[in-house]
Amino acid sequence: MLLQQLVNGLTLGAVYTLIALSFSLVMGILGVLNLAIAELFMLGGYFGFAAILAKLPLPVALLAGMAGAALVAAVIEKIGYQPFRDAPVVTPMLSTLGFSIILQNVATNLWGSDPLQLPDEVLAARFTFGPVSVSAMQLVVLGATVILVALLAFVVQRTSMGRALRAIAENRDVARLLGVSAGPLTLVAFTLSGALAGAAGVLVGLHYAAITPYVGVEIGLKAIAVMVVGGTKRIWGALIAGPLIGVAEVMTTAYGGSQIRDFVVYGLMITILLLRPQGLLGGARTEQGPRV
Amino acid sequence: MSGNREQPRLELSDVTIRFGGICALNDISLEVLPKQVVGIIGPNGAGKTTTFNVITGAYRPSQGEVRLDGKAVTAKPSHLIARAGISRTFQNIRLFGEMTVWEHLLVAQPHNEFPLRRLLPTRWANPQALRRAQEVLEFLKLEDVKDRAARSLPYGLQRRVEMARAVTARPKLLLLDEPVAGMNHDEADEIRHLMLKLRDSGLSILLIEHDMTFVMHLCDYLYVLDFGVMIAHGRPDEIRTNPTVLDAYLGHAT
Amino acid sequence: MMSTYYAGLLADVGILLLGALSVYIILATGQLSLGNAGFMGIGAYLTSYLTVTTGIPLTLALVIAAAASGATGVVVGFPALRLKGIYLAMATLGFGEMVRSFFLNFDAMGGAGGFHGMRHVSVAYIWTWAAAILLLVALLERSQVWLEMRAVRDDETAAGLVGLNTTTIKVGSFGFAAAVAAIAGGLFAHHHVYIEPGNFSFERSIDFVLAVILGGSTVGAGALVGALLLVMLPEYLRFLAEWRFAIFGALLIAMLLVRRQGILDRSLFGVFRFRRSA
């Protein structure tokens, strides 16, 4: 039973990891909390659904979700971030909030607020490994996450673009002096983060075989908690915090009741903010951010 | 140090500050007497602003004490040190956002013990604040710009507003960090006269400056810092010809 | 005689006004709180408990709930001192969610099923409170303490050095704001006569912030403009009813782009300008 919960928790954690990575790409590099990521997640799910309903194969659906979300993310970067890049970081955060409100409304009008369901559950085949039963979809979620994270790691650590992103994260002004121009790179950061959120959306949508315009909200807030716990400045903190919180949430639900799980998750987030604001994986305690 | 029996207004004894491996201030002792204008000079990075930060409680010294009129104020919370009578201005002017000049003078009033005075509209409940603000406004000749946003004023006026804010609460000691930086000769002269007026009204002034002419014409006493160490102190005419001081400045010239 | 429908709208404006004011009060010190719905929830549940279970009259219950919530605000305000900007915003977001989650589990007051039994209260009563608190804030804005709050927001270090106790000011603002939000909650509970944890979610906190940012974030009356806008505008754009959220989102972005301080600001409000000297 415990092992089963562990597997379920890891699956949830994988999704959290993807979305938390999405948040922390933008937060770590630009210091902005992109509140529209929750809706990018939701939109990715809908795009993926559309692909599946059009009988396209799963990888194509995944790509469709990622591409669609990435495109919207690029639009947000142009309108919702660029004009505010010199303002206090709370301003672009509020503008992404505006986008999040718009996107949710658009989705509700396009697809209705009732859950959109898949005719049959995709990849419902279950495999049994000893005491644990895993569905093929769960395996896909875990596998896709691993692949996406590996791809992201490659981009961030091994490409010159990734190096430039890390340079800006370290120190924006110095990066500019060294010839790294921030403009196109923030677009890259936003697009990448959109793609990740979109991927998570497709995976979750397929996993539950249903999607509503409201899926983004709760999971988005939780993903913020994951990002904080892992370390907002160290994007890889999400790799640890994601599974950690996913498992914690599933365990709390299983043994404590589903209602207190939110309490636990946000309590953890606040504790980290107060006691170790750099997160579990963060290095030395750095400045906690500019004023409002 | 200056050979008086008079109780110094400000006294630093053996103040030392270490940041990691670096000793920013090493065994600094200085004093400022009542109604005295004292200057701290020295090459860039000598620790002058750090000294100010220790006095205002921003930094806690690893060793040493700060005393105001004999009472220890070392590393007390900044607002208590301000209320005890120490005010300061900053190297890069720090004014309040969109506030007008008038509002700067109102907010810097001597601390009012009666919460009601602070909670009720100032126009009705606190006439003495209005009177004091008007007084300072006139003293520093800022009447014309009273309702302008302080940040929108030309540089020289901004410095005067900062100074006005610092004197509103009738401090005992005024710390001025490069008060005439970037000013031309006439503007600096005006500030110098202002500071003499303030001194005569009972204020002690401790200032950091790079403008040697200004310093020499104004200060009663000088302390020279270099690399966090006090390398010399004395009257301006003594310091002007002090070989150690000249060495320090020349040594730093590129 | 006002129709029930319009009375309901007006009541919503009053309640949203109070919630928006609670965000405005904290914002005046430079802190952004995304969790004030939590304080509203505390006020709603506590007031309802007092009137329904112990029979205390509503006005007294509101005062007690405001005081209790204010104390909670002070408790929240202290750790908030350690956080700035977005980190503080996230922590307050977490706080709001924790309060909601708490009431979800609080079966003594209905848990997820909600709580009811409150006596319905009139629009006039709601607006007595709303107007009184708006007036209080307007008076405070002309006081020394509000200048001190603005100074803390503009430059905390310099504020300390003119003798301002920035801790008292920042923590105090949380306490005061929490009390105001609690009253919004209590009035909400007794107007809708049924409450559930979902009423005090992140969306509610965002409504408050939206009202302040749109209506005017530098004057208290901006909260009134924002509340009117958020409640009344959809009524006039009935034909766009399905898109009203998108419109508010777009309005928010447009406002941030074009007029960051919101609709109302101090210069528009020039008649009551602070600067009049004795």
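About the cut-offs
- Residues numbered from 1 in each chain as written.
- Chains lettered and ligands numbered in written order.
- Predicted model: local features only at pLDDT ≥ 70, side-chain atom pairs only at ≥ 80, totals over all residues.
- Helix = DSSP H or I, 4+ residues; strand = E, 2+ residues; numbered from the N terminus.
- Rg over C-alpha atoms; globule rule 2.2 N^0.38 Å.
- Buried ≥ 20, exposed ≤ 12 C-beta atoms within 10 Å, placed from the backbone.
- Contact = placed C-beta atoms within 7 Å.
- Nonpolar A, V, L, I, M, F, W, Y, C, P; charged D, E, K, R; others polar.
- Pairing = 2+ DSSP bridges.
- Axes fitted to C-alpha atoms, helices over the stretch in contact; angles between N-to-C directions.
- pLDDT = per-residue confidence, 0-100.

Asks: Would you mind going over the overall build of chain B with me for this structure?
Replies: Assigned secondary structure in chain B consists of eleven helices and ten strands. At 19 Å, chain B has a C-alpha radius of gyration in line with the 18 Å of a compact globule built from 254 residues. Oriented by its inertia axes, the alpha-carbon framework of chain B measures out at about 60 × 40 × 40 Å. Counting every position in chain B, which comprises 254 residues, the buried fraction comes to 44%.

Asks: Explain the interface of chain C and chain B here, please?
Replies: The parts lose accessible area when they come together, and the size of an interface is often stated as this lost area. Contacts between the two partners involve 25 residues from chain C, matched on the other side by 32 residues from chain B. Residue assignment for the side of chain C that touches chain B shows that the elements contributing at least two residues are helix H5 (123-141), helix H6 (144-154) and helix H7 (156-161) of chain C. Element by element, the count of residues in the side of chain C that touches chain B is highest for H6 of chain C, at seven residues. For the side of chain C that touches chain B, the class distribution of residues is eleven nonpolar, seven polar and seven charged.

Asks: Just checking my understanding: could you explain the interface of chain C and chain A for this structure?
Replies: Tallying the contact residues gives 36 residues for chain C and 40 residues for chain A. The set of elements that each furnish at least two residues to the side of chain C that touches chain A consists of helix H4 (85-105), helix H9 (202-215) and helix H11 (244-258) of chain C. Among the elements that take part in the side of chain C that touches chain A, H4 of chain C stands out by supplying 15 residues, more than any other. Broken down by class, the residue content of the side of chain C that touches chain A amounts to 25 nonpolar, seven polar and four charged.

Asks: Looking at this structure, I do not really get unusual backbone geometry. What am I missing?
Replies: A negative phi angle is the norm for most residues apart from glycine, just as the trans form is the norm for most peptide bonds. Positive phi, close to 55 degrees, is recorded for alanine 75 of chain B, a residue that is not glycine. If you trace the backbone, alanine 75 of chain B turns up in the loop between strand S5 (71-72) and helix H2 (78-84). We classify alanine 75 of chain B as partly exposed; it has 16 C-beta atoms within 10 Å. Here valine 193 of chain C, not a glycine, exhibits a phi torsion of approximately 45 degrees, which is positive.

Asks: Looking at this model, I keep getting lost on the sheet that holds S5 of chain B. Mind explaining?
Replies: Strand pairs in the sheet, formed through backbone hydrogen bonds, run parallel or antiparallel to each other. All names here are of chain B. Strand order in this open sheet of four strands is S2-S1-S4-S5, and the pairing throughout is antiparallel. Where the open sheet ends on each side, the last strands, each with one partner, are strand S2 (22-32) and S5. Direction of pairing for strand S1 (residues 10-19) relative to strand S4 (residues 63-68): antiparallel, over a ladder of five bridges. Within the sheet, the bridge partner assigned to leucine 12 lies in S4 and is valine 66. Helix H1 (residues 48-55) contacts S1, S2 and S4 of the sheet and is inclined by roughly 70 degrees relative to S2.

Asks: Hey, could you run me through the arrangement of the chains in this one?
Replies: When the two pairs of chains in contact are ranked by number of contacts, first place goes to chains A and C. Chain A shows no contact with chain B. Their nearest C-alpha atoms sit 13 Å apart.

Asks: Where do I start with the confidence of the model for chain B in this structure?
Replies: Any segment with low pLDDT has predicted coordinates that should not be analysed in fine detail. Looking at chain B, pLDDT values average 89 and 96% of them are 70 or higher. Element-level pLDDT for chain B is lowest in helix H11 (residues 243-252) of chain B, with a mean of 75, against a maximum mean of 95 in strand S7 (residues 173-177) of chain B.

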